[in-house]
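Residue-level structure breakdown
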Amino acid sequence: MAGWIEACGADDVDEEDVIRFDHEGRTFAIYRSPDDEYFATDGLCTHEKIHLADGLVMDDIIECPKHNGRFNYKTGQAKGAPVCVNLKTYPVKVEGGQVFVQID
Amino acid sequence: MASDKSASGPQGMVIVGAGECGIRAAMALREEGYGGPVTLIGAEPHLPYERPPLSKAVLLGDDAPSPKTIANEARLFEAAVLHLSSVTATGIDREAKSVSLSNGRGLHYSKLLLATGADPRPYALAEGLSHVFTLRTFDDALAIRSRLGPGCRLAIIGGGFIGLELAAAARTRRADVTVIEAAPRILGRAVPTEIAQVIHARHAREGVRILVGAAIADMKEQNGGILIKLQPALKDEAGPSAVQADLVVVGIGAQPNTALAEAAGLTVENGIAVDAHLRTSDPDIFAAGDCCSFPLAYQDGRRVRLEAWRNAQEQGTLAARNMLGGRQAHVAVPWFWSDQYDLGLQMAGLADRATQVVRRDLGSESFLLFHLDAEGRLVAASGIGPGTSIARDIRLAEMMIARGARPDPLKLANAESKLKALLAA
Ligand SMILES: Cc1cc2nc3c(=O)[nH]c(=O)nc-3n(C[C@H](O)[C@H](O)[C@H](O)COP(=O)(O)OP(=O)(O)OC[C@H]3O[C@@H](n4cnc5c(N)ncnc54)[C@H](O)[C@@H]3O)c2cc1C
Ligand code: FES
C-alpha cells in the first residue's frame, strides 16, 4: 500500500469548500466539511471529466460546476442524473496542520 | 381512429419521445417504485443520448464519435423500460386512452407523457437545397462533422447558441467560418448584451467572420456549394454582397413538437400547455421538456417555454412522480450553460423583467451580472469566464433567486464579498 502524501495545509481549504490537489499526473479534490473534517476524492467528475474544484460544497455534497451533477464527497456516491458512476474516495488524515491523502 | 382497435397489451406508462426528458422520466418511474409496464417511444434509431455534445465534443476529436448514451441497453433492461427505437407515435385516442404507432401497432396507457422536444425551425430560402443542414440529432452532427475540415467554407445562418458553438468547433478544425445574423447582435435576447459582446469579440479574434444585421436575399446551389446573396447593407459599412460556402448550417431556433398534442385537441400555447404539475388539458396526459410551456413559479407563474437540458431532466423526473399520483409543483429556476472555445457561459433565471444590472468583474473576459427587478429582487444571474470559473457563483445566485432574495447591490458588485455569505444572510 502506498504511503501518505502531503496534500495541503489544513487552512488552505475553507470550511464547507474544496480545493484541487495534483500528484504524479493524477488530480484530486480535497474537501473540508462544515463540521471541520477532511475528505478526498478523484478530482474529475465521472460525467465529463470536469474538475470538481470549481464546484459548490453544501453539507456532504459536492456539486459539479459543469452540469450540476451531485456526489456525496464522503462516500463518493453519485446522487443521480446526470452522474451515475460513483467517485473514488481516498483516506485522509490531518497531522501538524497538514492534510495527508493515502493514494493507492 | 384505428388505434383503439389495434392497441394491445396491458395499461401502463407510455412516454412519447426518447430524448433527455423522456428517458429521465422512464428511469424516475422506476426510482419511484412503479412496477407496471413502461414504454418509451423514440423516433430516432439510437438509444437515448445527450444532445449538448453534438455542437461541442462530437464535432472535435479524431476518433469516430458515438452518441453519449444516457442509458445503455443493460440499464434499460435492468429497469424493465421497453424502448421502441425508430418508432413514431402518430396519434392519440384520448377516449380509448391509446397511442397509435408508425409500426402499425397501438399501445394503451394509464398515463401518457409527451416529451417530444423541439425541431430546428425550417428556413424557407434553404428548402430543397443540398449542402444545407440543421443540427439537432446525432446523425445531423455526423453529417456536418464529415464535411468539416481545414479550409472548408462553412456558413452558419443564425448567431444563436448552437450556431456559435458550431462556429467555435469548426474553427478548432480550421474551417473558414462565416456567421450570418439578421439581428443587430448575436445571441438575441437570450443573454445580456455585455456577454454577447465578449463572445462576439472572442469569435472575431479566433477568425470567425460574424455578419450582423445581415439579411439574406437569396440562396442557390453553385460550384458544388451554396451561394448566399445578401441584401445591400442599409448603412454605409460595406459588408460583403454574397457568401460562397461549401457547407451551410441553419441555426435559427427551434420549434416545439406539438402536432401530436394539437391533433388530439390538447391546449397548445407556444408549446403543449401544462399546469404547475406538468399536466396538460387532459388529466391523464402530461408534457415536459422542450415541447411544453409551463407557469414559471418564481415569476408570478407567467407562461414560458425553455430549451434547456437541466429543465428537460427536472421536468421529466417531476412528470414521472405526478403520473404516479404525486402533486409536486415545478418550482425550479431556469438554468443553462454554453461552451465556446475555453469560455464557459452560465445563466440562472430569466432576465427580461430586470430593471437594474449589477456587474462584478472577475478578470479579463470574466464577469458576473446580477439582474434585479424594480423591487430589488434578484431575478437572474449570468456570467462568463474561462472553464467553469463562474459556476459556483451562478449556482449560489440561483439559490438566491429561488428564495426571492433582495441582495445589497454594492455587495453584489464587490468581488471580495462572498456570495455564500450573502445567501446565508
Ligand atoms: C446541438 C445542441 C446543443 C445543445 N447544447 C445545450 C447546452 O449547452 N446547454 C443546455 O442547457 N442545453 C443544450 N441543448 C438543449 C438540450 O439538449 C435540450 O433542451 C434537451 O435535449 C431537451 O430534451 P427533450 O427530451 O425535451 O427533447 P429532445 O432531446 O429533443 O428529445 C425529443 C425526442 O422525441 C422524439 N420525438 C418527437 N416526436 C416524436 C413522436 N411523435 N414519436 C416518437 N418520438 C418522437 C425526437 O425524435 C427526439 O428524439 C442543446 C441542444 C442541441 C440540439
Ligand atoms: S461534467 Fe460533471 S455533471 Fe457533467
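Residues numbered from 1 in each chain as written. Chains lettered and ligands numbered in written order. Predicted model: local features only at pLDDT ≥ 70, side-chain atom pairs only at ≥ 80, totals over all residues. Heavy atoms only, no water.

Once that is clear, we can look at the UniProt feature "domain: Rieske" (unreviewed entry) in chain A. The residues that UniProt annotates with the feature "domain: Rieske" (unreviewed entry) are residues 5–101 of chain A. As annotated, residues 5–101 of chain A has a helix share of 0% and a strand share of 44%, and its two end C-alpha atoms lie 5 Å apart. (UniProt positions renumbered as here; feature names shortened; annotations may be inferred. Helix = DSSP H or I, 4+ residues; strand = E, 2+ residues; numbered from the N terminus.)

Here we take up the side chain of A:R32. Residues and elements named next belong to chain A. Tracing the backbone through its elements, the reader meets R32 in strand 3 (residues 26–32). Within the structure, R32 has its side chain in polar contact with the backbone oxygen of V13 (distance 2.7 Å). Of the polar contacts made by the side chain of R32, one reaches the side chain of Y38; its length is 3.3 Å. The contact partners of R32, leaving out residues within four places of it in the chain, are A10, D11, V13, D14, E15, E16, D17, E37, Y38 and Y73. (Polar contact = N/O pair within 3.5 Å; in protein donor to acceptor, adjacent residues only side chain to side chain. Contact = heavy atoms within 4.5 Å.)

What links the strands of a sheet is backbone hydrogen bonding, and the strands pair in either a parallel or an antiparallel sense. Residues and elements named next belong to chain B. Taken together, five strands build an open sheet; the order of strands is 4-3-2-8-20 and the sheet is parallel. At either end of the open sheet lies a strand with only one pairing partner, and these are strand 4 (81–84) and strand 20 (285–287). The mean inter-strand angle of the sheet, taken between neighbouring strand axes irrespective of direction, is 20 degrees. Pairing of strand 2 (residues 13–16) with strand 8 (residues 111–114), which is carried by four bridges, proceeds in the parallel orientation. The partner of V16 across the bridge, within strand 8, is L114. With respect to the sheet, helix 2 (residues 20–31) is in contact with strand 2, strand 3 (38–41), strand 4 and strand 8, its orientation differing from that of strand 3 by roughly 175 degrees. Of the strands in this sheet, strand 2, strand 8 and strand 20 are in contact with helix 8 (residues 309–323), which crosses strand 8 at around 165 degrees. (Pairing = 2+ DSSP bridges. Axes fitted to C-alpha atoms, helices over the stretch in contact; angles between N-to-C directions.)

Here we take up the layout of surface pockets. The calculated volume of the second largest pocket comes to roughly 1,100 Å³. If you trace the second largest pocket, you find 40 residues lining it, with A:G80, A:A81, A:P82, B:Q313 and B:T317 closest to the centre. The set of elements that each furnish at least two residues to the lining of the second largest pocket consists of helix 2, helix 8 and helix 9 (391–402) of chain B. Examining the composition of the lining of the second largest pocket, we find that six residues originate from one element, helix 8 of chain B, more than from any other. (1 Å grid on protein atoms, 1.4 Å probe; cavity = no way out; pocket = protein on both sides within 12 Å on 5 of 7 lines; lining within 4 Å. Points joined across faces, edges and corners; volume = space filled by probe spheres on them.)

Let us look at the sheet that holds strand 10 (residues 98–102) of chain A. All names here are of chain A. Ordered by their spatial adjacency, three strands build an open sheet running 1-10-9, and the pairing between neighbours is antiparallel. At either margin of the open sheet sits one strand with a lone partner, and together these are strand 1 (4–9) and strand 9 (92–95). If you compare each strand with its neighbour and ignore which way they point, the axes differ by 30 degrees on average. Both strand 1 and strand 10 contribute to a ladder of five bridges, which runs antiparallel. Residue pairing across strands places E6 opposite F100, the latter belonging to strand 10.

Further remarks concern the site of ligand 1. All names here are of chain B. If you check the shell around ligand 1, you find 35 residues, and the closest are E44, R51, K56, R136 and D290. One nitrogen or oxygen atom from the main chain of A43 is found 3.1 Å from a nitrogen atom belonging to ligand 1. Taken together, the residues of the shell around ligand 1 sort by class into 19 nonpolar, eight polar and eight charged. Shared between two domains, the shell around ligand 1 takes at least three residues from each, and those domains are domain 1 (7–119 + 254–323) and domain 2 (124–250). (Near = heavy atom within 4 Å. Nonpolar A, V, L, I, M, F, W, Y, C, P; charged D, E, K, R; others polar. Domains from an automatic or database assignment.)

All right, on to the UniProt feature "domain: Reductase C-terminal" (unreviewed entry) in chain B then. Look at the UniProt record and you will see "domain: Reductase C-terminal" (unreviewed entry) annotated at residues 335–423 of chain B. Across residues 335–423 of chain B one finds 25% helix and 42% strand; the C-alpha atoms that close the span lie 18 Å apart.

Contacts between the two partners involve 21 residues from chain B and, on the opposite side, 22 residues from chain A. Together, the buried faces of chain B and chain A total about 1,700 Å²; carbon and sulfur atoms form 47% of this surface. Summed over the three residues of chain B that lose the most area to chain A, namely B:T388, B:R392 and B:K420, the buried surface amounts to 36% of that side. Between the two partners, chain B and chain A, sit five salt bridges. Measuring nitrogen to oxygen at the nearest pair gives 2.3 Å for the salt bridge that ties A:E63 to B:R395. Between the two partners, chain B and chain A, sit 13 residue pairs in polar contact (both at pLDDT 80 or more). Of all the secondary-structure elements, those providing two or more residues to the side of chain B that touches chain A are helix 8, strand 23 (335–340) and helix 9 of chain B. By residue class, the composition of the side of chain B that touches chain A is seven nonpolar, four polar and 10 charged. (Buried area = accessible area lost by both parts, 1.4 Å probe. Salt bridge = Lys/Arg side-chain N within 4 Å of Asp/Glu carboxyl O.)

Considering all chains together, one arrives at eight aromatic pairs over all chains under this definition. Ring plane angle 65 degrees and centroid distance 5.7 Å describe the contact between A:F39 and A:Y73, whose orientation is recorded as edge-to-face. Of this pair, A:F39 sits in strand 4 (residues 38–42) while A:Y73 sits in the loop between strand 7 (70–72) and strand 8 (89–90), placing them 34 residues apart in sequence. On the basis of relative accessibility, which here comes to 0%, the residue A:Y73 falls in the buried class. Sitting above the plane of the A:F100 ring, A:K93 keeps its charged end 5.9 Å from the centroid. Above the face of the B:F367 ring, B:R359 is positioned so that its terminal group lies 3.8 Å from the ring centre. (Phe/Tyr/Trp six-rings, centres within 6.5 Å; stacked < 30°, edge-to-face > 60°. Buried < 20%, exposed > 50% of the residue type's maximum accessible area, 1.4 Å probe, protein only. Lys NZ or Arg CZ within 6 Å of the ring centre and 35° of its normal.)

Turning our eyes to something else, we now look at the domain arrangement of chain B. All names here are of chain B. In terms of domain boundaries, chain B breaks down into domain 1 (7–119 + 254–323), domain 2 (124–250) and domain 3 (342–424). Computed from C-alpha coordinates alone, the two centres of domain 1 and domain 3 are separated by 32 Å. With eight residues of domain 1 at the contact, the number on the domain 3 side is seven residues. In total, about 640 Å² of surface goes out of reach between domain 1 and domain 3, with carbon and sulfur atoms giving 45% of it.

Now for the nonpolar core. Residue and element names in this part refer to chain B. L112, L113, L114 and F370 are the most contacted members of the largest nonpolar core, which has 80 residues in total. Two domains each donate at least three residues to this core, and these are domain 1 (7–119 + 254–323) and domain 3 (342–424). Membership of the second largest hydrophobic core comes to 38 residues, among which are Y49, A141, L187 and I384. (Core = buried A, V, L, I, M, F, W, Y, C linked by side-chain atoms within 4.5 Å.)

Our next topic: helix 2 of chain B. Residue and element names in this part refer to chain B. If you check helix 2, its first and last C-alpha atoms are 16 Å apart, about what 12 residues at 1.5 Å a residue would give, namely 16 Å. Burial within helix 2 is extensive, with 11 of its 12 residues counted as buried. Within helix 2, burial applies to E20, C21, G22, I23, R24, A25, A26, M27, A28, L29 and R30. Close packing links the buried residues of helix 2 with strand 2, strand 3, helix 3 (73–78), strand 4, strand 8 and helix 8. A positive phi of about 95 degrees marks G33, the residue just after helix 2. (Expected span 1.5 Å × (residues − 1).)

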